[in-house]
Amino acid sequence: MATKRGIPDYEIAVAVSKGTDIAPLVPVLGATLHAAVELCPEIVQAGQRGEIVSVGFRVEQGAVGKVATKGVEATCVGGALGGKAIAAPDKLAVLAQIRFPPEAFVPAAPTGTP
């Protein structure tokens, strides 16, 4: 995912309830998770440590509910997700894992000559 708020680009892996076609849900879940990640710049610290941030939640009555997280960074993302409206099937279980690839933290080469 490309970002605009100073957060390095990152990757999201998503799993949903067994038997659910994930293809039509990818844009919806991706947009919802992306909005939450951009509200939590501290997630970059987990990425710098090589950690994967996991967030689990259920969709109930058109909104994100029953968010489960572990760790400060995941808690921020979970808090940003909680209660958000989402166009997804009711009683859908979602597990999302967010990680920053190692190259996201490689310093850029200097562009000018001294």
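Quick question: what am I supposed to make of the packing of helix 1 (residues 26-38) against helix 3 (residues 72-81) here?
Helices that pack against each other are described as a pair by the angle of their axes relative to one another and the distance between those axes. At a closest axis distance of 8 Å, the pairing of helix 1 and helix 3 adopts a crossing angle of 120 degrees. The orientation of helix 1 relative to helix 3 falls into the category oblique. Here the hand of the crossing between helix 1 and helix 3 comes out right-handed. Mapping the contact onto sequence places Thr-32, Leu-33, Ala-36 and Val-37 in helix 1 and Val-77, Ala-80 and Leu-81 in helix 3. Here the contact of helix 1 with helix 3 is composed, by residue class, of six nonpolar, one polar and no charged.

Whenever I open this one, unusual backbone geometry confuses me. Can you help?
Of all residues except glycine, most have a negative phi; of all peptide bonds, most are trans. Located in the positive-phi region is Gln-61, a residue other than glycine, with phi close to 55 degrees. Relative to the helices and strands, Gln-61 is located in the loop between strand 2 (53-60) and strand 3 (63-69). Overall, Gln-61 belongs to the exposed group, its relative accessible area being 77%.

In this structure, what is going on with the sheet that holds strand 3? I would like to understand it.
In a beta sheet, neighbouring strands pair by backbone hydrogen bonds and run either parallel or antiparallel. As summarised here, the arrangement of the four strands in space is 1-4-2-3, forming an open sheet in which the pairing is antiparallel. Two strands lie at the open edges of the sheet, namely strand 1 (11-16) and strand 3, each paired on one side alone. Taken over all neighbouring pairs, the strand axes of this sheet differ in orientation by 25 degrees on average, direction set aside. Taken together, the six bridges between strand 1 and strand 4 (residues 92-99) define a ladder with antiparallel strand orientation. Bridging across to strand 4, Val-16 finds its partner in Val-94. Across the sheet, helix 1 touches strand 1, strand 2, strand 3 and strand 4, and the angle it forms with strand 1 is around 130 degrees.

Cut-offs and rules
Residues numbered from 1 in each chain as written. Predicted model: local features only at pLDDT ≥ 70, side-chain atom pairs only at ≥ 80, totals over all residues. Heavy atoms only, no water. Axes fitted to C-alpha atoms, helices over the stretch in contact; angles between N-to-C directions. Helix = DSSP H or I, 4+ residues; strand = E, 2+ residues; numbered from the N terminus. Parallel < 35°, antiparallel > 145°, perpendicular 65-115°, else oblique. Left-handed = near helix turned anticlockwise from the far one by under 90°. Contact = heavy atoms within 4.5 Å. Nonpolar A, V, L, I, M, F, W, Y, C, P; charged D, E, K, R; others polar. Buried < 20%, exposed > 50% of the residue type's maximum accessible area, 1.4 Å probe, protein only. Pairing = 2+ DSSP bridges.

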